[in-house]
Amino acid sequence: MKKILFLILSLTFANHVFAAPMNMIGEKGNPNDIDRVIEIKMYDNYYEPNVIKVKKGETIKFIVQNLGEMVHEYNIATKEMHIKHQPEMQKLAEHGILLVDKIDMEKMKKMSKMDHSLSHSHSNSVIVEPKKTGEIIWKFTKDISLEMACNVPGHYETGMVGKIILSK
Ligand SMILES: [Cu+2]
């Protein structure tokens, strides 16, 4: 059962890795190749720490803990990509899938059958409910400065954005 579930998840993720412009920021990391674990704490509305340093070629497992009262996202991307992602998050909120303190997974499952953009399946992003922990494994392959950001409506603008500094 676990294997089947993993296969389904992998296929879902794979689809998105090959979708542009993801490869300009790196790629979904292989769980067998983790070089380092970085723990991130999310509060209302900021990250702790909010600056991290990674090396080109490194595969990092991010363990993202939500210690706030609201739902938050941990998304690794360029500034432009975050701005582009925000309407999608807005749509999740408008459809009552993304609530202030929870995600209605059932509704998400149902509605994303009609509109795939409501499934929020991106390998570079995780949405985490309060008191819960999420995870991303990411391989940094490009020499590009990235942001970690929360695109829940209103959060980015109020400071829920940090820097990921890449070095050689
Ligand atoms: Cu947030």
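Note that the structure is a prediction, hence the values are computed from the model and not measured.

(A) Structural detail: the pairing of strand E8 (residues 133-139). When strand E1 (residues 27-28) meets E8, the two strands line up antiparallel, connected through two bridges. In the strand pairing of E8, Glu 27 is matched with Lys 139. Of the strand pairs in this sheet, strand E5 (residues 59-66) and E8 are connected by seven bridges, and their pairing is antiparallel. When the sheet's bridge partners are listed, Val 64 is paired in E8 with Gly 134.

(B) View of the sheet that holds E1. If you trace the five strands from one edge of the open sheet to the other, you get E1-E8-E5-E2-E3, paired in mixed fashion. Pairing within the sheet leaves two strands with one partner each, and these edge strands are E1 and strand E3 (46-48).

(C) Molecular detail of helix H2 (residues 79-94). Counted at 1.5 Å a residue, the expected span for H2 with its 16 residues is 22 Å, and the 23 Å between its end C-alpha atoms agrees. Most pronounced at His 85, the bend in H2 amounts to some 25 degrees, and the proline Pro 87 follows within four residues. Taken residue by residue, H2 has Met 81, His 82, His 85, Met 89 and Leu 92 as its buried positions. On its buried side, H2 packs onto strand E6 (72-77) and strand E9 (146-149). Gly 96 sits one or two residues past H2 and shows a positive phi near 75 degrees.

Reading guide: rules and limits
- Residues numbered from 1 in each chain as written.
- Predicted model: local features only at pLDDT ≥ 70, side-chain atom pairs only at ≥ 80, totals over all residues.
- Pairing = 2+ DSSP bridges.
- Helix = DSSP H or I, 4+ residues; strand = E, 2+ residues; numbered from the N terminus.
- Expected span 1.5 Å × (residues − 1).
- Bend = angle between axes of the 7 residues up to and from the residue.
- Buried ≥ 20, exposed ≤ 12 C-beta atoms within 10 Å, placed from the backbone.
- Contact = placed C-beta atoms within 7 Å.

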